[in-house]
Each structure stands twice: as C-alpha cells, then as structure tokens.
Amino acid sequence: MALTPTTRPQLSRAELRVLDAIDEHALVEDLVSMIQVPSVTGTDAESDLQHRHAGRLATLGFDVDTWKLDLDALAAHPDHPGTEAPRTEGYGVVGVLGPTGMPALILQGHVDVVPTGDLARWADQNPWSGQVRHGAVHGRGACDMKAGLAANLAVAGAMVDSGVALERPFALHAVISEEDGGLGAFATMLRGHRGDAAIITEPTSGKVVVANAGALTFQLRVEGRATHGSTRLSGHSALDAFWPVHAALVELERRRNTRPDPLYADNPLPYPISIGTVRAGDWASSVPDLLVAAGRLGVHLGEPPAVARRALERAVTEACDRDPWLREHPVEVTWPGGQFASGRIDTDHRLVAEVVSAIGAAEGRKAPLGAAPYGSDLRLYAGIGDIPTLHYGPGDVGLAHGPREHVDIDELLRTTRTLAVLAARRCDAHL
C-alpha cells in the first residue's frame, strides 16, 4: 500500500526506512503458513507454532527467551486465570531487539485458536488451508489472531532489515492459551517480562481499543427425574426445568446492558450472557434427569469479577425460588474455565495519542477509540505487569470463531505499517 503525499511529511527518514523494509509478500505468506498449523488451544500444534516463533526471532537476531511452562506451579498460583482445554505442555516466547533496558514497546499476540466446529459449515473450504481469495486470507485463526501475529513478525523483520539503530529496546511476545483464560500471558508476566507499553494485536476493525469487558465461564447443573418417555408425566425433564433459568439469564443480560460505558456507543450488547454448550439425557426414549449447560458472563468495565458472579448466582437463585420443581432441586452454579476480568487504559495516556498519531501518519486517517466486548490478555499485562496496554490489530472480531473467518489483506498491510511506525517512534529508531 503506497503512502499518500499527505502522510509522508509526518514520517522521519528512519520511519520511512522501516516502512520500506516491510516485506508485504512475506507477510501474507507468513499468515498463510501460520493458519496451516492447527494450533487449537491445548494441542501440540500450539507448541509447534511457539517454537517457530522462537526460531524466527533468533534468526532475526533477537535475544530470545523460550521456556517450558510449569503447569502445576501455575495452577497452584492464587491468581491463576483459569483454563478450559486440557494440556500437557506449554511454552512462552519473548524476543527483545536493541540495547539493554526496559523495552519501549511490546507487540503481543496469542498463537492458539478455537476448534473449527462442524466442518460441513466450511463448505468446500479447508479451515486449515489459509486460502487466499478475493483479497482476503481465509481459515481458522485468520483474524483471531494470526493476522496480528504475522503483523508483529513483519514489524520485527522490518526493524532488523531496515538497518536502523534503536536507542531503546523493542520486544515481541508470543503466548499460548489466551482463548481459555490467558495462561500464557499470565506465565509471561510471572516470568518478569515487562515493557513501557504494549500493543496486543487482536482484531479491532480499525479502532484503537482502549478497554475490554471481562468474561467469566460458568456451568449450570439442572436436575430432573428420569422415567420412560412414554410415562413422562411421572418424571420431570431436566430440559423443562432449565427454561425458567434460561429466561432469568435473558432478563439479567437485559438489565446488565441498560447503561453501558460510552466507549460502547456503537455496540448494542457489550456485556452478553451466552450459553455455549448444553448436554442433557442419554437415551431418546428416557426423560433426562440431568442437564449441564456452560456459558460465559460478560463483566462490566471496572466491575470486580466476584460482583459479576454474585449477580448471576442471585438471578439463578431467584428463578429457582419462583419454580416449584427448582425450589426443591436448586440449580448448582460453578465457575470452571477462563475467568477474564475487564481491563482498560486511561484515554488520556500518551500511548493512546501515539497510536492515533501513528495511524494518521501511516494510514492517513483519524482512528476512533472504542471498547471490546470480549476478554483478553490486556487485563494481565495492565494488571499483573502494570504495563499500559491497548488493542490495535487487523481483522473484524465479528468473523472470529466462525466458518467465515478471514482477514482483508489491505487491512493487514495498513495495520502492519502503523505498528511499524509506532515501533520506530517508541524505540527512537535512527539512521
């Protein structure tokens, strides 16, 4: 993508050198090759992609820290962020380029992706092909968030290939397990890696995302009474028992979204409550005696997760109190899996202005600020790490986790250019 005449005067010679060093063809190839690694959360392929990152950064001349996560020690930590996918191993990868000292900028991304779901929904497309079609790269993880990973690596390569000198260090973090809680980011913060600022290149659709909601995984166990399907009136279906609870969650969702933060002005549902899985029964002609439902609860910006949990538990308890069957067989609520608190950066923080300025210089536009409705690693970098952190990356989160997942190549190139300008500026690159 060529820079417009109005953007070039805003760029220094060193910044232009870094931009010219971005290999756009290799950027797209990197994204395709990463999609072809089926790095579903908790699988061996997740580790394969981490080792690939470590090797790439070492080849570029970064000082690379690669370590195997002590899963038992992390699980025993009082601030463990929760996990959902079983795993036998995990690796952290951090690369630092430039002089010694605190990195001026961290670019961070997660290598894990969610499962593909029903392959029939992908029509004739292989979700692991990384197919390039109609100006976009398609496949699982294309926008969430391997496009962001590819952009980070492209910036890393351009910082080296441009030949600029850095007065301050530049860092790249690749983490695992973001999709089920953030174990990789948690481990990276406990490892002691820090920086003056961090950009997580999650898909933001051109916005600078300065806050994100939390998300808490919950599970409901609803009892029934089994009997033969032909005599169902002598039993009580756990499925029927679940409906008043589900209705209560719908009403809770409505109440929790009545006055959202102004950053969510264009989002009709910033704090969703979604049921993701439902399991009931073990035989078609038996009345089911147990239903297990799992879902996610959106957490308000600034809301302690414990407060959000109590709100859902109270809604379920009140639904049970109103129902004759549930009064005698109350629903059990537990909180397994990922537990994402919300996170944010002050909109007056200079990093926000720096990112907006870099977008103006590299892309020639004024970027809006916004907030994301999903949980992310932001709260771990900003919380445990005390690192000012925001999101800016290629892609549309509305396409994530679905069979239509893809990322626009032009958007990928634009975003990479902005990240390169920001990295050059923050690290005081010079010729």
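Residues numbered from 1 in each chain as written. Predicted model: local features only at pLDDT ≥ 70, side-chain atom pairs only at ≥ 80, totals over all residues. Heavy atoms only, no water.

Observations regarding the sheet that holds strand β5 (residues 136-138)
For the record, the criterion: Here, a strand pair is defined by DSSP locating no fewer than two bridges between the strands. The secondary structure listing takes helices from DSSP runs of H or I that are at least 4 residues long and strands from runs of E that are at least 2 residues long, numbered from the N terminus. Contacts were defined at the residue level, with two residues in contact if any of their heavy atoms lie within 4.5 Å. Note on geometry: axes are lines fitted to C-alpha atoms, helical ones only across the stretch in contact, with angles between N-to-C directions running from 0 to 180 degrees.
Spatial strand order, β4-β5-β18: three strands in an open sheet with antiparallel pairing. Across the chains shown, the open sheet's two edge strands, defined by having one partner strand only, are β4 (132-133) and β18 (406-408). Packing of helix α2 (residues 24-35) onto the sheet brings it into contact with β4, β5 and β18, and relative to β5 it is tilted by some 15 degrees. Relative to β18, helix α5 (residues 142-161) is tilted by about 50 degrees, and along the sheet it contacts β5 and β18.

Remarks on the environment of P324
Defined as follows: For every residue, the accessible area obtained with a 1.4 Å probe (protein chains only) is divided by the maximum for its type, and the residue is called buried under 20%, exposed over 50%, and partly exposed between those limits.
For P324, the location among the structural elements is in helix α9 (residues 324-328). Take P324: its relative accessible area is 55%, and that puts it in the exposed class. Separated by 83 residues in sequence, P324 and A241 have C-alpha atoms that sit 9.9 Å apart.

Some words on the pairing of strand β9 (residues 208-212)
Burial analysis of β9 places five of its five residues in the buried class, the great majority of the element. Two elements, β9 and strand β16 (residues 369-372), share four bridges in a ladder whose sense is parallel. Bridge assignment links A211 to a residue of β16, and that residue is A371. Where β9 and strand β15 (residues 343-344) come together, two bridges link them in antiparallel fashion. Opposite N212, over in β15, you have G343 as the bridge partner.

As for the layout of surface pockets
What counts, and what does not: In this analysis, the protein atoms alone were mapped onto a 1 Å grid. Cavities are point sets where a 1.4 Å probe fits without being able to get out; pockets are open sets with protein on both sides within 12 Å along at least five of seven lines; lining residues have an atom within 4 Å of a point. Grid points are joined across faces, edges and corners, and a volume is the space filled by probe spheres set on the points. Classification convention: Asp, Glu, Lys, Arg as charged; Ala, Val, Leu, Ile, Met, Phe, Trp, Tyr, Cys, Pro as nonpolar; all other residues, Gly among them, as polar.
There is about 1,100 Å³ of room inside the largest pocket. If you go around the largest pocket, you meet 36 residues; those closest to its centre are E84, V114, E179, R296 and H401. Those elements giving two or more residues to the lining of the largest pocket turn out to be β10 (214-223), β11 (273-280) and β12 (290-299). No other element matches β11, which puts four residues into the lining of the largest pocket. Looking at the second largest pocket, its volume works out to about 230 Å³. Lining the second largest pocket are 15 residues, with T204, K207, A371, P373 and V397 sitting closest to its centre. Its residues assigned to classes, the lining of the second largest pocket comprises nine nonpolar, three polar and three charged.

Focus on the packing of aromatic side chains
Put simply, the rule is: Between the rings of Phe, Tyr and Trp (Trp by its six-membered ring), a pair exists once the centres lie within 6.5 Å; its type follows the angle of the planes, with under 30 degrees stacked, over 60 edge-to-face, and the other angles tilted. Put simply, a charge is over a ring when the Lys NZ or the Arg CZ is close to the ring centre, within 6 Å, and near the line of the ring normal, within 35 degrees.
Counting across every chain of the model gives four aromatic pairs. A ring pair is formed by F218 and W335, whose centres lie 6.1 Å apart and whose planes are at 70 degrees; its orientation type is edge-to-face. Taken together, the residues F218 in strand β10 and W335 in the loop between β13 (332-334) and β14 (339-340) connect sequence positions 117 residues apart. Residue F218 shares its accessibility class with W335, and that shared class is buried. Measuring from centroid to centroid gives 5.5 Å for Y264 and Y271, while their planes differ by 70 degrees, and the two rings are edge-to-face. Side by side, Y264 and Y271 carry an identical accessibility label, which is buried. Positioned over the ring face of W335 is R309, at 5.9 Å from the centre of the ring.

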